[in-house]
Amino acid sequence: MRKQLITGCVALLVSLNLIAQEQQYLVFEFIKVEPNRVLDYLEYKDFLAQVHKVSKSEGNIAGWDFWSLQSGSDLEGENFQYVTVTYYQDPVKMMNGNDPDRSVDLAIKAHPELTEDQVRNKIKEAMDMRDLAVRSYMVEVARTSESFEFKPGILASFDLMKAVEGKFQDYERAEKEVFLPIHEKKIQADLMENWCFLRTALPTGSEAKSTHLTMNIYADYMQFFNSIEYEDMEVTEEQQRAVEAGLNSRDQKWVYLATLESLVR
């Protein structure tokens, strides 16, 4: 009996360790570029992708996405055109991810044909042509089990949520126990490709604009619109009440639809 107990404890610790290793940390950056500088910024995006490739090879990041926003409610009254998502497996690396000197060092490695002064000027020019008004540090709370290979052209719906005051735990429980199975079912029905649920990784007060984010991935517009029209005819009254309770535990602040333009994996 004692041996079985010890074996069970070891298995639990191993399981928890694997979960900890797989947990992702993500940084979302919503970007607005001056209309007359869009082409220049897209050129800089290609420069930046090479920098992130080096950063990933050195173990600083787990991946990076560059999305163009197609539609959505304005966040803070801004007309954002792009959003980048940087993936980390370590919260400390996430918080150190915007170190200017490290960025310069990585850029020199990625573009050895450029001098340090040229790299610094290129980065400064890019900062001058854009407005980074929103940066969100997030930690993954739950995700669907199906693996999906991200590639340019896929769609994402970024849904920014705010848990109702006093219902923070209720909302997270609803996403994990009610909505996650719904998304799993959609994936099985070829109405969705991937879904993850994120919580802000930094402390927030009651005035925070959002506390959570869901990232919904679709192969194309056909799948996206079919998913919107989907109704589960087998849902029970009890399940429907659980869905309604989950919806009442949060306020859906903004929704953005985006297309993946470039990525590093």
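So, here is what we can say about the structure in this document. (Residues numbered from 1 in each chain as written. Predicted model: local features only at pLDDT ≥ 70, side-chain atom pairs only at ≥ 80, totals over all residues. Heavy atoms only, no water.)

### Quick notes on the pattern of salt bridges
Pairing between side chains of opposite charge can happen when their charged atoms approach one another.
Right, on to step 1. This model, assessed by the stated rule, comprises twelve salt bridges.
Right, on to step 2. In this structure, the salt-bridge partner of Arg120 is Glu116, at a minimum N-O distance of 3.0 Å. In this pair, Arg120 and Glu116 are both assigned in helix 5 (residues 116-129), four residues apart and thus about one turn of the helix distant.
Right, on to step 3. According to the relative accessible area criterion, Arg120 is partly exposed, its value standing at 36%. (Salt bridge = Lys/Arg side-chain N within 4 Å of Asp/Glu carboxyl O. Helix = DSSP H or I, 4+ residues; strand = E, 2+ residues; numbered from the N terminus. Buried < 20%, exposed > 50% of the residue type's maximum accessible area, 1.4 Å probe, protein only.)

### Some points on unusual backbone geometry
Right, on to step 1. The backbone phi angle of Asp190 is positive, close to 60 degrees, even though this residue is not glycine.
Right, on to step 2. Topologically, Asp190 is positioned in the loop between helix 6 (168-188) and strand 6 (194-200).
Right, on to step 3. Residue classification places Asp190 among the exposed residues on the basis of a relative accessible area of 52%.

### Observations concerning the layout of surface pockets
Right, on to step 1. Within this model, the largest pocket holds a volume of roughly 900 Å³.
Right, on to step 2. Taken together, the residues of the lining of the largest pocket sort by class into 16 nonpolar, eight polar and ten charged.
Right, on to step 3. By volume, the second largest pocket amounts to about 650 Å³.
Right, on to step 4. Around the second largest pocket sit 29 residues that line it, and Leu48, His52, Gly97, Asn98 and Ser103 are the ones nearest its centre.
Right, on to step 5. Mapped by element, the contributors of at least two residues to the lining of the second largest pocket are strand 1 (25-33), helix 2 (38-57), strand 3 (82-88), helix 4 (100-110), helix 5 and strand 4 (130-143).
Right, on to step 6. Taken together, the residues of the lining of the second largest pocket break down into 14 nonpolar, eight polar and seven charged. (1 Å grid on protein atoms, 1.4 Å probe; cavity = no way out; pocket = protein on both sides within 12 Å on 5 of 7 lines; lining within 4 Å. Points joined across faces, edges and corners; volume = space filled by probe spheres on them. Nonpolar A, V, L, I, M, F, W, Y, C, P; charged D, E, K, R; others polar.)

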